[in-house]
Amino acid sequence: MRPPAAPVEYDVEAPHAWEHDRLFVEMRPAGGDSPVIRPESPMDALARPIVPPAPRVHKGELSTPRLVVETLKNTLGNWSEFAFTELSGRRKVLGVDSMMVNDPAAIRHILQTNMANYVRPMASVRPVKPLAGAGVLLSEGVEWRRQRRMLAPAFTPASVGSLLPHFQAAAEGMIRRLEGRTRVNLSEAFHEAALDAVLRALFSLSVDGRRELAQRVRDYLAGPGRPTIFDGYARTEEDFGFALGARRRFQRAWFAEVDRIVADRRAAGEREGHGDLLDLLLAARDPETGQPLSDAEVRDQCATMLLAGFETTSRVLFWTSYLLALDGSEQTRLRQEAAAFDPARVTTLDDIQHWPWLRQALLEAMRLYPPVTLIIRQALGPDTVCGESFGKGMLVWISPWVIHRHRRFWDQPTAFIPDRFAGKAQPWVSEPHFLPFGAGPRICIGASFAMAEASIVIASLLSRFAWSLDDTRTVLPIGGVTTAPSVEPWFRIEPVA
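To start, this report covers the structure provided alongside it. (Residues numbered from 1 in each chain as written. Predicted model: local features only at pLDDT ≥ 70, side-chain atom pairs only at ≥ 80, totals over all residues. Heavy atoms only, no water.)

Overview of the sheet that holds strand 6 (residues 183–184)
Two modes of strand pairing occur in sheets, parallel and antiparallel, and in both the strands are linked by backbone hydrogen bonds. If you walk across this open sheet you meet the three strands as 6-14-11, and the pairing is antiparallel. If you trace the sheet from one side to the other, it starts and ends with strand 6 and strand 11 (465–469), each paired once. Inspection of the sheet shows strand 6 paired to strand 14 (residues 491–495) by two bridges, in the antiparallel sense. The residue bridging Arg183 from the neighbouring strand is Arg492, located in strand 14. (Pairing = 2+ DSSP bridges. Helix = DSSP H or I, 4+ residues; strand = E, 2+ residues; numbered from the N terminus.)

Here it is, written out as structure tokens:
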């Protein structure tokens, strides 16, 4: 582990008030003499952890008009220093009573203890509904509990373990597509690999002939899938229908494609060898009623898994590779680990434990760039949170982006320090201020699926290539349905022995 030292922020971004470039080093001689200040040496600079660029943190609270503008541009660029130092804050935005909550105990109260009093507000449902339908991601109450029970068998360790060959095949496909190339767009390569992995795991299909699915989803998320001011004022899914044309067209085309894939897969019958998630969905029964999922429910669950399985995972893969391009020594360390246990040798989930440093890097990437940057809940009735009492309608904002960079919870919160997760098997469960998969009963059901997929893909890349940035553009995270890069930079890759 590197010795702790003050990180250096990039000039293109305003640093947090409590972090500054260290240009001089204080040395305190033995014997209690006065400290000697000397200029910083190159070795001091090498000892500091990497601090990647991030959206500006504002010194003071933004006015309401500017807050709205900054939020519509990037939900990660509207926070002030207050958010990264305090446990809660309350204000009215466009007449709506809103509360930021960073306190882990309060978050547990909202998302677990008193979760029945909170629902997703319409503003966070409308952009995602065309992608996920009425699946487990957006369902509420009794219906959510029913779906969650029925899906649980598909995500047990044994079930996820049976999908590992699909992840390995997708990783090998990515390696073949990269061979012979020196300058690549890894974001695009990961999108294709993650789509291949989820198509194989879900339908026993490869990405061949279906690459347009990834581009279709990416175009939606970058365009009509971005939240709008109309979403903020909407009270139902149909409000401001004049602004929903592009979303409705996407949903019709997206659901029709998923229906075709499900129909083709059903017509093919049972698979020999490694099963897939569709087999488990079709076999699922409600433990209380014995009823199977309807055709529409199967489609919506498949659409949800496609979204979560390739869009969010591919972003985790990108941000991990980006950080490893900035930190060459960490990349070398992980490559040695992957060489000691080749990804082709993985046959069980336990085998992935041979890569503890890789796991730490993935966790740290999800801390700095959480797959979901904002969890919003609306109160159905009165409650008291962080000493604040409120009634029905309160909007509660829980931001993993803020909490993962909060001064009270993390040492050097904006720095890339994978070793902070050393020895922590499931920190998304044990660490109340680490929320890459959400929290409470609604924590992402596919967490182990995503970690296994990402581990195998990155380990496969490490075992075949070394990579570095070949692009001078600044890469900033953009908050939306997932955390996307502001630009997709070029990387230079070189084969390794």
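Focus on the sheet that holds strand 7 (residues 375–379)
Reading across from one edge, 3-4-10-7-5 is the order of the five strands in this open sheet, with mixed pairing throughout. Unpaired on one side and paired on the other, strand 3 (88–93) and strand 5 (118–119) mark the two borders of the sheet. Taken together, the four bridges between strand 7 and strand 10 (residues 395–398) define a ladder with antiparallel strand orientation. Within the sheet, the bridge partner assigned to Gln378 lies in strand 10 and is Leu395. Its contacts with the sheet put helix 3 (residues 104–113) on strand 4 (96–101), strand 5, strand 7 and strand 10, and the angle it makes with strand 10 is roughly 120 degrees. (Contact = heavy atoms within 4.5 Å. Axes fitted to C-alpha atoms, helices over the stretch in contact; angles between N-to-C directions.)

Re the pattern of salt bridges
As enumerated under the stated definition, the model contains 34 salt bridges in all. Its salt-bridge partner being Glu70, residue Arg66 comes within 3.8 Å of it at the nearest N-O pair. Taken as a pair, Arg66 and Glu70 lie in helix 2 (residues 64–73) at a separation of four residues, close to a single helical turn. Residue Glu70 is classed as buried on the basis of its relative accessible area of 14%. Measuring nitrogen to oxygen at the nearest pair gives 3.7 Å for the salt bridge that ties Glu288 to Arg149. Note that Glu288 is positioned in the loop between helix 13 (277–283) and helix 14 (295–326) and Arg149 in helix 6 (residues 141–151), a separation of 139 residues in sequence. Taking the relative accessible area as the measure of exposure, Glu288 reaches 63% and is therefore exposed. Residue classification places Arg149 among the partly exposed positions, given a relative accessible area of 31%. Through salt bridges that share partners, Arg66, Glu70 and Lys73 make up one connected network. (Salt bridge = Lys/Arg side-chain N within 4 Å of Asp/Glu carboxyl O. Buried < 20%, exposed > 50% of the residue type's maximum accessible area, 1.4 Å probe, protein only.)

Re the environment of Met394
Checked against the element boundaries, Met394 lands in the loop between strand 9 (388–390) and strand 10. Remark: the alpha-carbon pair of Met394 and Gln378, spanning 16 residues in sequence, is separated by 5.6 Å. With residues near it in sequence (within four places) discarded, Met394 still touches Arg90, Asp97, Ser98, Met99, Arg377, Gln378 and Ala379.

Quick notes on the layout of surface pockets
Approximately 580 Å³ is the volume attributed to the second largest pocket. What lines the second largest pocket is a set of 27 residues, among which Arg359, Ala425, Gln426, Trp428 and Ser448 lie closest to the centre. Elements supplying a minimum of two residues to the lining of the second largest pocket: helix 16 (356–368), helix 18 (427–430) and helix 19 (447–464). Considering every element that reaches the lining of the second largest pocket, the biggest residue donor is helix 19, with five residues. Class assignment for the residues of the lining of the second largest pocket results in 17 nonpolar, seven polar and three charged. (1 Å grid on protein atoms, 1.4 Å probe; cavity = no way out; pocket = protein on both sides within 12 Å on 5 of 7 lines; lining within 4 Å. Points joined across faces, edges and corners; volume = space filled by probe spheres on them. Nonpolar A, V, L, I, M, F, W, Y, C, P; charged D, E, K, R; others polar.)

So, the pairing of strand 3
The side chains of a regular strand alternate between the sheet's two faces. Note that strand 3 and strand 4 share six bridges and pair antiparallel. Along strand 4, the bridge assignment pairs Arg90 with Met99.

Focus: the side chain of Asp196
Structurally, the position occupied by Asp196 is in helix 9 (residues 186–203). At a separation of 2.9 Å, a polar atom in the side chain of Asp196 contacts the main-chain amide nitrogen of Val207. Not counting the four nearest positions on each side in its chain, Asp196 is found in contact with Ala169, Ala170, Leu205, Ser206 and Val207. (Polar contact = N/O pair within 3.5 Å; in protein donor to acceptor, adjacent residues only side chain to side chain.)

With respect to the packing of helix 14 against helix 16
Between helix 14 and helix 16, whose axes approach to 9 Å, the crossing angle comes to 105 degrees. With respect to their mutual orientation, helix 14 and helix 16 come out roughly perpendicular. Every residue of helix 16 that contacts helix 14 at Val316, Trp319, Thr320 and Leu323 is listed here: Ala361, Leu362, Ala365, Met366 and Leu368. (Parallel < 35°, antiparallel > 145°, perpendicular 65-115°, else oblique.)

Describing the pairing of strand 10
Relative to strand 10, strand 4 runs parallel, the two being bridged by three bridges. Bridged to Met99 within strand 10 is Val396.

Considerations on the nonpolar core
Ranked by internal contacts, the top residues of the largest apolar core, which has 126 residues, are Trp254 and Ile398. Among the elements that take part in this core, helix 14 stands out by supplying 15 residues, more than any other. Setting aside residues no more than four positions away along its own chain, Ile398 makes contact with Val101, Ile107, Ile110, Leu111, Thr373, Leu374, Ile375, Ile403 and Leu435. (Core = buried A, V, L, I, M, F, W, Y, C linked by side-chain atoms within 4.5 Å.)

Things to note about the packing of helix 8 (residues 164–178) against helix 9
In a pair of packed helices, the angle between the axes and the distance between the axes together describe the arrangement. In the contact formed by helix 8 and helix 9, the axes pass within 8 Å of each other and the chain directions differ by 150 degrees. One element, helix 8, and the other, helix 9, form an angle in the roughly antiparallel class. Considering only the axes of helix 8 and helix 9, their crossing is right-handed. Of the residues in helix 9, those in contact with His166, Phe167, Ala169, Ala170, Met174, Arg177 and Leu178 of helix 8 are Leu186, Ala189, Phe190, Glu192, Ala193, Asp196, Ala197, Arg200 and Ala201. Residues of the contact of helix 8 with helix 9, tallied by class, amount to 11 nonpolar, one polar and four charged. (Left-handed = near helix turned anticlockwise from the far one by under 90°.)

Considerations on the packing of aromatic side chains
Summed over the entire model, instances satisfying the criterion amount to 17 aromatic pairs. Arranged with centres 5.0 Å apart and planes meeting at 80 degrees, the rings of Phe167 and Phe449 form a pair that is edge-to-face. Taken together, the residues span a long stretch of sequence, with Phe167 in helix 8 and Phe449 in helix 19 at a distance of 282 residues. Across the pair, exposure class does not vary: Phe167 and Phe449 are buried alike. Relative to Trp254, the ring of Phe250 has its centre 6.0 Å away and its plane inclined at 15 degrees; by these criteria the two rings are stacked. Taken together, the residues Phe250 and Trp254, both in helix 12 (residues 245–268) and four residues apart, mark about one turn of the helix. Trp254 shares its class with Phe250; the two are buried. Positioned over the ring face of Trp410 is Arg367, at 5.1 Å from the centre of the ring. When the ring centre of Trp401 is taken as origin, the NZ or CZ atom of Arg405, which lies over that ring, is 3.9 Å away. (Phe/Tyr/Trp six-rings, centres within 6.5 Å; stacked < 30°, edge-to-face > 60°. Lys NZ or Arg CZ within 6 Å of the ring centre and 35° of its normal.)

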